[in-house]
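# Residue-level structural notes
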Amino acid sequence: VPAKVGTQFNSDLLVKYDFATVTNDTIITDAAEKHFTGIVKNGAKIRTIGTTETGKFNVVALGDSIGYFDMGTEVGKLVYGLNDYTVGAYYRIDPAYTDAQLGTNGNFLWSFSNALDVLAPDYSGYLIGSLKNQAVTISPTNWTGEQTTKINSLAMKGNWHHFAYTQSGIIGTIYVDGMNMLSDTIKQVPTNRLVMNQRLGTFYNWIGRSCYAADAYLRKTLVTDLVLYKTALTDAQIQTTVLNVGTKITALETAFAANEGTAVIPINQSKYRVIANDGQLSILGLTGGEKVSVFDVTGHQ
């Protein structure tokens, strides 16, 4: 990243949980300026993927039960000050996590909430990102007051992906793997819908857990590099100059494959070639026994 770009946006970076700084296997210090501390809970674990050759990354493995990562209450103080903002994270959902499981209520990648359980009498608002329908939702109360931007399809499984949301004025935009997928009019922002009297910020700030107690936890999923910016990053900043999503996904894929013992095949050693031309894909090297599937970035086959 060019120094002037990195310097320009360092002051706008509020939170960066990349899980690189770990104490006692459970306490995580975020890499942004304020160095908040979060805690891995309920059986979630920090895992290192990659080798010296590929590069190593720490990720939080949410497990197959009720594991989650608590970002801490201090993060909520920054959430209360958001007008224009960007929030996003990298994730890898295990293919063994069925569509039925992923499609149940919950499966939140992130949740910033005023209430421990929104079904309780405290209908006090939240900002959530769900992989159930690739949606970002804000509400000053509960589901009855929601405004949502959504793709309305399950998040993709089996590889590393990135899910992000930007708020610019009254326009909310969802990005998948760095690609601008859709925008909608969202007039609610944390400063005008989440702030409560006698509170300094959202109390419950989680990765992998819902603010509705009956909802499903996000399971069989790895997460890393959750960031929160106090500005709406542009397409170019998400794709290249600031987040550089495509390059990071490639690095995570390579590290995960090496960690799993799966060889990464250089293109000059593969017997297959995929050629894109005029809206068509040509695959060379097939013998007739292979199964070929094509997915778009929303997960449709």
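Residues numbered from 1 in each chain as written. Predicted model: local features only at pLDDT ≥ 70, side-chain atom pairs only at ≥ 80, totals over all residues. Heavy atoms only, no water.

Looking now at the packing of aromatic side chains. A complete count under the given rule lists eleven aromatic pairs for this structure. When the centroid spacing of 6.1 Å and the interplanar angle of 75 degrees are considered together, the rings of phenylalanine 203 and tyrosine 204 count as edge-to-face. The class for phenylalanine 203 is partly exposed, based on a relative accessible area of 36%. Through a chain of ring-to-ring contacts, three or more aromatic side chains come together here, namely Tyr68, Phe203, Tyr204, Trp206 and Tyr217. Stacked on the ring of phenylalanine 203, the Lys or Arg arginine 199 has its end atom at 4.8 Å from the ring centre. The ring of tyrosine 68 carries arginine 209 above its face, with NZ or CZ at 4.9 Å from the centroid. (Phe/Tyr/Trp six-rings, centres within 6.5 Å; stacked < 30°, edge-to-face > 60°. Buried < 20%, exposed > 50% of the residue type's maximum accessible area, 1.4 Å probe, protein only. Lys NZ or Arg CZ within 6 Å of the ring centre and 35° of its normal.)

Turning to the nonpolar core, a few remarks are in order. Formed by 45 residues in total, the largest nonpolar core has its most connected members in Tyr17, Leu109, Trp110, Leu131 and Phe163. Taken together, the elements giving at least two residues each to this core come down to β1 (13-17), α2 (73-79), β8 (85-93), β9 (108-113), β11 (135-139), β13 (160-168), β14 (171-176) and β17 (221-229). Tallying contributions element by element places β8 first for this core, with five residues. Those residues in contact with leucine 109, other than ones at most four positions away along the chain, are Ala89, Tyr91, Gly129, Ser130, Leu131, Phe163, Trp206, Ile207, Gly208, Leu218 and Val223. Counting residues in hydrophobic clusters, the runner-up holds 21 residues, among them Leu13, Val59, Ala164 and Leu252. (Core = buried A, V, L, I, M, F, W, Y, C linked by side-chain atoms within 4.5 Å. Helix = DSSP H or I, 4+ residues; strand = E, 2+ residues; numbered from the N terminus. Contact = heavy atoms within 4.5 Å.)

Right, let's talk about the side chain of arginine 209 for a bit. Considering the arrangement of structural elements, one finds arginine 209 in the loop between β16 (204-207) and β17. Buried charged residue arginine 209 carries no salt bridge. Nearest counter-charge: aspartate 70, at 6.9 Å. Engagement of the side chain of arginine 209 in a polar contact is seen with the side chain of tyrosine 217, the distance being 3.4 Å. Among residues more than four places away in sequence, those in contact with arginine 209 are Tyr68, Phe108, Ser111, Leu116 and Tyr217. (Lys, Arg positive; Asp, Glu negative; His and termini not counted. Salt bridge = Lys/Arg side-chain N within 4 Å of Asp/Glu carboxyl O. Polar contact = N/O pair within 3.5 Å; in protein donor to acceptor, adjacent residues only side chain to side chain.)

Judged from the six bridges that link them, β14 and strand β15 (residues 179-185) form a sheet pairing that is antiparallel. Across the sheet, tyrosine 175 pairs through a bridge with asparagine 180, a residue of β15. Counting the residues in the hairpin turn of β14 and β15 gives two residues, including aspartate 177, whose phi is positive at 55 degrees. (Pairing = 2+ DSSP bridges.)

This next bit is on the side chain of asparagine 114. Turning to its location among the elements, asparagine 114 is positioned in the loop between β9 and β10 (126-130). Relative accessible area serves as the criterion here: at 0%, asparagine 114 is assigned to the buried category. Only 2.9 Å separates the side chain of asparagine 114 from the backbone oxygen of leucine 194, close enough to count as a polar contact. Ignoring anything within four residues of it in the chain, the contact list for asparagine 114 reads Tyr80, Asp122, Ser124, Gly125, Leu194, Met196, Arg199, Gly201, Thr202 and Tyr204.

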